[in-house]
Amino acid sequence: QVQLVESGGGLVQPGGSLRLSCVVSGRSVGVYPMGWYRQAPGKTRELVARISSSGGPNYADSVKGRFTISRDSAKNTVYLQMNSLKPEDTAVYYCTISTPANNYWGQGTQVTVSS
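Residues numbered from 1 in each chain as written. Predicted model: local features only at pLDDT ≥ 70, side-chain atom pairs only at ≥ 80, totals over all residues. Heavy atoms only, no water.

Caption draft 1: Fine view of the side chain of E6. Looking at where E6 falls in the secondary structure, it is placed in strand β1 (residues 3–7). Buried charge without a partner: E6 forms no salt bridge, and the closest opposite charge is R45, 7.6 Å away. A polar side-chain atom of E6 sits 2.9 Å from the main-chain amide nitrogen of Q107. In terms of polar contacts, E6 uses its side chain to reach the backbone amide nitrogen of G108, at 2.9 Å. Residue contacts for E6: discarding those within four places in its chain leaves S21, C22, W36, Y93, Y94, C95, G106, Q107, G108 and T109. (Helix = DSSP H or I, 4+ residues; strand = E, 2+ residues; numbered from the N terminus. Buried < 20%, exposed > 50% of the residue type's maximum accessible area, 1.4 Å probe, protein only. Lys, Arg positive; Asp, Glu negative; His and termini not counted. Salt bridge = Lys/Arg side-chain N within 4 Å of Asp/Glu carboxyl O. Polar contact = N/O pair within 3.5 Å; in protein donor to acceptor, adjacent residues only side chain to side chain. Contact = heavy atoms within 4.5 Å.)

Caption draft 2: Molecular detail of the pairing of strand β11 (residues 109–113). Only one face of β11 is covered, namely the face carrying T109, V111 and V113; the face carrying Q110 and T112 is uncovered. As defined by bridge partners, strand β2 (residues 10–12) adjoins β11 across 3 bridges and the pair is classed as parallel. By the bridge assignment for β11, L11 is matched with T112. Direction of pairing for strand β9 (residues 91–98) relative to β11: antiparallel, over a ladder of 3 bridges. Bridging across to β11, A91 finds its partner in V111. (Pairing = 2+ DSSP bridges.)

Caption draft 3: Up close: unusual backbone geometry. Positive phi outside glycine occurs at N76, with the angle close to 50°. Topologically, N76 is positioned in the loop between β7 (67–72) and β8 (77–82). Positioned with a positive phi, S84 is a non-glycine residue whose angle comes to about 50°. Looking at where S84 falls in the secondary structure, it is placed in the loop between β8 and β9.

Caption draft 4: Expanded view of the state of the cysteines. For the structure shown, the criterion picks out 1 disulfide. At a sulfur-sulfur separation of 2.2 Å, the disulfide partner of C22 is C95. Given an S-S torsion of about -85°, the disulfide between C22 and C95 has left-handed geometry. Of this pair, C22 sits in strand β3 (residues 18–25) while C95 is found in strand β9, placing the two residues 73 residues apart along the sequence. With relative accessibility at 0%, the residue C22 sits in the buried group. (Disulfide = S-S within 2.5 Å.)

Put into structure tokens, the structure is as follows:
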């Protein structure tokens, strides 16, 4: 019923950029808060960025000034623009939508920052 599909991950050099996309079905991205989390090997999943139902963004301190979260309600898609990437950004990135009933997660997309 509710499905989130991430894409856009890949291998990029330090200082490079990637844009992640999350296409949502079953719920509207303009109605519910949405976010991006990431999980690196050996670490717990951590919040990267969040966008409220009114469009206000929040970011983890580690990505402020480098990442931008946005949404396109017509496409029912949320994006994460990642600039000035660092090796410590390497992780699987997950999209989530927060509804009154539950939080739903995508399958994740791998981001690797390496020379």
